Every structure is written in structure tokens, then in C-alpha cells.
Amino acid sequence: MATDFKSIPIIDISPLVAKCDDPKRVQDPDVLEVVGQLDQACREAGFFYVKGHGIPDSLIKDIKNVTRKFFDLPYEEKLKIKLSAATGYRGYQRIGENITKGIPDMHEAIDCYREITPGMYGALGKIIEGVNQWPHDPPYFKVLMEEYISFCRDLSRKIMRGIALALGGSADEFEGERAGDAFWVLRVIGYPGVSNTNGQNAPENDIGCGAHTDYGLVTLVNQDDGITALQVRNLSGEWISAPPIPGTFVCNIGDMLKIWSNGMYDSTLHRVINNSPKYRVCVAYFYEVSPTYPFYALSSLAPGNDPHTVPSLHEQPNFDAAVEPLDICKEKTGGIKKFGKAVYGEHLASKLETNFV
Ligand SMILES: N=C(N)NCCCC[C@H](N)C(=O)O
Ligand SMILES: O=C(O)CCC(=O)C(=O)O
Ligand SMILES: [Fe+2]
């Protein structure tokens with residue numbers, strides 16, 4: 001459960017990034033310090049900034065520049081990669097096409113998902129089967145985004161290792177390389193400034209993205225410089241701003257981690273209001289469930305689970321993996337499971353079915 005936090009903590013994760021593959025990491029005071037800060041931030045806010053993450057600043061900037069270039073194109077050009085159920089919900093959505101709690105959001109976006117081959121995730125995965133629709137203009141859009149996605153995937157995996165330790169893992173339980181193979185989502189988003197919301201200034205038009213939680217494990221938000229628009233709700237219902245801090249990502253907890261942690265960590269409500277006259281871009285990377293890491297790493301924490309005998313990727317697809325509170329977290333939170341089983345693929349499908357006009 002979130003608390004009455006008034007600001008969002010900044011965590012320098014460089015020791016974790018440097019040593020997260022080192023078997024001796026849990027004896028490292030710098031790593032332990034980061035793990036402690038992650039634990040506190042996840043308990044108190046479910047949101048934190050990460051610095052010292054190792055992703056080149058130039059790439060982070062290029063991603064925002066190329067995003068701005070795409071949204072600057074004429075509408076007809078953007079429509080060439082239009083999203084629909086037939087494209088596996090991949091592609092471009094115009095302003096007002098995405099809906100949050102029944103209200104159209106004042107943003108446009110390109111949605112991308114990890115590419116999955118037909119049948120890869122069974123019947124549940126069908127809804128997002130397809131290939132990503134990348135714009136041809138700007139020409140280097142796809143190459144840049146794919147490079148970025150691979151950096152984000154590595155970084156998310158490292159943060160999840162820290163979080164897994166924060167939830168109470170010991171060194172042995174995290175031995176061995178269970179390479180991450182998580183499902184991921186990338187949203188390339190643009191929020192019009194206040195003066196050009198179709199010439200209207202009705203208050204509801206100012207909501208760039210309505211209050212929601214994210215669906216998976218962790219999100220990495222690469223937000224525009226100079227515009228404060230992202231807001232996070234604390235326990236008393238106050239909206240706390242998450243202003244852009246150069247060189248950082250905003251990182252937040254998703255619904256699956258809330259369940260696995262039995263509510264020790266919450267997926268905090270947040271929304272976006274761009275009150276500036278300037279167009280705001282943002283690229284959000286969502287690290288969802290992984291069949292190998294961290295899910296197996298976390299599940300190996302449960303008493304009686306031998307980390308060496310967990311099923312392989314091929315035996316247990318992640319999309320229909322049941323997510324339920326881990327015993328270790330249940331014990332730390334009063335011994336009662338606060339959530340029943342959830343299935344990530346079902347959770348995503350239920351969102352996709354209601355997210356679009
Ligand atoms: N894949 C993620 N997490 N996307 C976040 C989008 C949030 C808005 C969406 N309309 C909703 O209501 O969920
Ligand atoms: O634009 C932002 O800062 C955050 C966007 C967001 O919360 C989302 O897409 O889930
Ligand atoms: Fe979000």
C-alpha cells in the first residue's frame with residue numbers, strides 16, 4: 001500500500017547495474033544499500049527515479065527526438081500504420097482513441113509489443129499476434145527503437161533482480177543465468193499542449209492519460225524535458241508531480257508485481273496532464289511477466305521450490321502463467337493472501353478490449 005509520500009525518491013542504481021551478475025552481490029554493501037532503497041521506495045510510493053542506469057544519454061534523447069519527428073508528420077502519414085484488432089493492437093492511435101475508465105485520453109501513440117509468432121502464447125496470446133508497425137519516416141525510427149528496447153529490457157531485468165532481493169531472496173536463490181525473456185510493451189506517446197486541444201478547453205480535454213495502473217512488473221518512463229505532467233496518487237488521494245529529472249527514468253510497479261508481492265508493493269495510480277502549451281513526448285517501456293526471469297527467480301523463493309527444477313520456458317509459457325502471492329511475501333504481510341490468482345494474458349486482453357473506441 002502506498003503511503004502519504006510527498007515526493008518521489010531518486011535511487012542511484014549504479015552498484016546494482018555494475019554487480020548484478022556477480023554471485024557475491026549480496027555481500028556487497030553498495031548493492032545492499034540500493035536494494036534497501038528499492039524496498040523503501042516500492043513500499044512507500046511504488047514509484048522512484050533511477051539514475052546511474054547505464055543507458056546512454058544520447059540514445060535517451062534520440063528516442064524523444066525521433067518520437068517528436070513522427071508526431072509532427074501529417075495525420076494521413078501517421079494513419080499508414082493505424083492500429084486495429086486486426087494488427088494485434090500494434091500501431092498508431094489518434095488523439096482520443098485510447099480510453100481510460102470510459103474517457104478518451106488526449107494523447108496519440110504508437111503501441112508496440114514483443115513480436116510473437118502464431119500460437120506462441122496459445123489462445124490467450126492470439127489477441128496481440130502480429131508484427132509491429134514501424135513508421136518509414138523518420139527512416140531510422142525502427143532501428144533506434146529496437147536498440148532502445150534491448151537496453152530497457154536489460155535494465156528492467158537488473159532492477160527486477162534488485163527488487164527480488166528486496167522481497168527477501170538470498171544469494172543462492174539467484175544463482176545461475178536465467179536470461180530474461182519477458183513479454184514487453186512499448187508505448188511511444190505524444191500529448192498535445194493546452195492551446196491546441198482541438199480549440200476546446202473543456203477540463204476533460206486536458207487529461208492526457210486518465211488515472212490508471214500499469215499491468216506488468218515494472219515500467220521505465222522516458223519523459224520529455226522541461227514539462228511536468230506525470231502525477232502519482234498518494235494514500236490520501238493527493239496527486240504528487242513527477243517532474244522530469246535529466247538523466248533519470250521514472251520507474252514504477254505494475255499489477256503483476258503487486259500480486260506476487262501480496263501488496264507489499266503496490267501498483268500506484270498515476271495520470272498525465274499536460275498543462276503546458278508545448279507538445280509533450282514520452283516513451284514508456286513496460287517489462288511484463290517473464291517465464292524465466294524474474295518469475296522463476298521469484299517463485300524459487302517460495303519454500304519447497306527448488307530453483308534447479310523449475311520448468312523451462314517451453315514447458316510453461318508466461319502468457320497463461322498464474323500469478324499469485326508468493327509465500328515469502330504472504331508471510332511478511334500477515335499470512336493471508338490478499339489477491340487470488342491472476343493470468344497476465346487475460347489481464348492484458350481485458351485492457352485491450354476496453355482501451356480503444
Ligand atoms: N500497457 C500499459 N500499461 N499501458 C498503459 C496505458 C494506460 C491507459 C489505458 N487506457 C488503461 O486504461 O489502462
Ligand atoms: O506520459 C507519461 O509520463 C506516463 C505514461 C503512462 O503512464 C503510461 O503510458 O502508462
Ligand atoms: Fe502508466
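Residues numbered from 1 in each chain as written. Chains lettered and ligands numbered in written order. Predicted model: local features only at pLDDT ≥ 70, side-chain atom pairs only at ≥ 80, totals over all residues. Heavy atoms only, no water.

As annotated in an unreviewed UniProt entry, the protein carries the name Fe2OG dioxygenase domain-containing protein and comes from Populus alba x Populus x berolinensis. Comment text from UniProt for the protein, heading Sequence similarities (unreviewed entry), reads "Belongs to the iron/ascorbate-dependent oxidoreductase family." For the record of the protein, the UniProt heading Subcellular location (unreviewed entry) holds the text "Cytoplasm, Cytosol". (UniProt positions renumbered as here; feature names shortened; annotations may be inferred.)

Draft legend 1. Quick look at the overall build of the protein. A tally of helices and strands in the protein yields 10 helices and 16 strands. Counting all 357 residues of the protein, 56% fall into the buried class. Partitioning the contacts of the protein with sequence separation of at least 6, the portion at a separation of at least 24 is 78%. Of the roughly 14,400 Å² that the protein leaves accessible, carbon and sulfur atoms contribute 54%. (Helix = DSSP H or I, 4+ residues; strand = E, 2+ residues; numbered from the N terminus. Buried < 20%, exposed > 50% of the residue type's maximum accessible area, 1.4 Å probe, protein only. Contact = heavy atoms within 4.5 Å. Areas by Shrake-Rupley, 256 points an atom, 1.4 Å probe, with all protein chains shown as cover.)

Draft legend 2. Geometry of the sheet that holds strand 10 (residues 230-233). The strand order across the open sheet formed by four strands is 8-13-10-11, and the pairing between neighbours is antiparallel. If you trace the sheet from one side to the other, it starts and ends with strand 8 (207-212) and strand 11 (239-241), each paired once. Here the average twist between neighbouring strands, direction ignored, is 25 degrees. As paired elements, strand 8 and strand 13 (residues 270-273) share three bridges and run antiparallel to each other. If you follow Ile207 over to strand 13, its bridge partner there is Ile273. (Pairing = 2+ DSSP bridges. Axes fitted to C-alpha atoms, helices over the stretch in contact; angles between N-to-C directions.)

Draft legend 3. Looking closely at the site of ligand 1. Surveying the vicinity of ligand 1 reveals the residues Asn98, Ile99, Thr100, Arg187, Cys209, His212, Asp214, Tyr215, Phe286 and Asn355. Separating a nitrogen atom of ligand 1 from a side-chain N or O atom of Asn98 is a distance of 2.7 Å. Separating an oxygen atom of ligand 1 from a side-chain N or O atom of Tyr215 is a distance of 2.5 Å. If ligand 1 stood free it would expose 370 Å²; the protein chains cover 94% of that surface. Contributions of two or more residues to the shell around ligand 1 are made by strand 4 (99-100) and strand 8. Residues belonging to the shell around ligand 1 are distributed by class as follows: four nonpolar, four polar and two charged. (Near = heavy atom within 4 Å. Polar contact = N/O pair within 3.5 Å; in protein donor to acceptor, adjacent residues only side chain to side chain. Nonpolar A, V, L, I, M, F, W, Y, C, P; charged D, E, K, R; others polar.)

Draft legend 4. The site of ligand 2, seen in detail. Close to ligand 2 lie Arg187, Ile189, Tyr191, His212, Asp214, Val221, Leu230, His270, Val272, Arg280, Cys282 and Phe286, which account for all nearby residues. Between Tyr191 and ligand 2, the recorded distance is 2.7 Å, taken from a side-chain N or O atom to an oxygen atom. For the shell around ligand 2, the secondary-structure elements that each account for two or more residues are strand 7 (184-191), strand 13 and strand 14 (280-287). Classifying every residue of the shell around ligand 2 by side-chain character gives seven nonpolar, two polar and three charged.

Draft legend 5. Quick look at the packing of aromatic side chains. A complete count under the given rule lists 10 aromatic pairs for this structure. Residues Tyr113 and Phe183 carry aromatic rings whose centres are separated by 6.2 Å and whose planes lie at 20 degrees to one another, so their mutual orientation is stacked. Of this pair, Tyr113 sits in strand 6 (residues 108-113) while Phe183 sits in the loop between helix 6 (141-166) and strand 7, placing them 70 residues apart in sequence. Looking at Tyr113, the relative accessible area reads 4%, which means it is buried. (Phe/Tyr/Trp six-rings, centres within 6.5 Å; stacked < 30°, edge-to-face > 60°.)

Draft legend 6. Here's a closer look at the environment of Ile227. Relative to the elements of secondary structure, Ile227 occurs in the loop between strand 9 (218-223) and strand 10. Setting aside chain neighbours within four positions, we find Ile227 in contact with Pro244, Asn274, Ser276, Lys278, Tyr279 and Arg280.

Draft legend 7. How the structure looks around helix 10 (residues 344-354). Among the residues of helix 10, those classed as buried are Tyr344, Gly345, Leu348, Ala349 and Leu352. Buried residues of helix 10, seen end-on, are gathered within an arc of 125 degrees and therefore sit on one face of the element. For helix 10, the exposed residues set more than 90 degrees away from the buried face come down to Glu353 and Thr354. Those residues of helix 10 that are buried lie in contact with strand 6, helix 5 (122-125), strand 7, helix 7 (255-260) and strand 16 (342-343). (Arc of directions from axis to C-beta.)

Draft legend 8. The sheet that holds strand 6, seen in detail. Spatially, eight strands are ordered 1-2-12-9-14-7-6-3 in an open sheet, and the strand pairing comes out mixed. Only two strands of the sheet have a single partner each, and these edge strands are strand 1 (10-12) and strand 3 (91-93). Strand-to-strand twist across the sheet, computed as the mean angle between neighbouring axes with direction ignored, equals 25 degrees. Together, strand 1, strand 2 (47-51) and strand 12 (249-253) form the strand contacts of helix 2 (residues 29-44), whose direction differs from that of strand 1 by roughly 160 degrees.

Draft legend 9. Here's a closer look at the pairing of strand 13. Here strand 13 shows two buried faces, one formed by His270 and Val272 and the other by Arg271 and Ile273. Pairing geometry for strand 10 and strand 13, over three bridges, is antiparallel. Note on strand 13: the bridge partner recorded for Gln231 is Arg271.

Draft legend 10. Expanded view of the side chain of Thr100. One can find Thr100 in strand 4. Relative accessible area serves as the criterion here: at 13%, Thr100 is assigned to the buried category. Apart from the residues lying within four places of it in its own chain, the contact partners of Thr100 are Asp105, Cys209, Gly210, Ala211 and His212.

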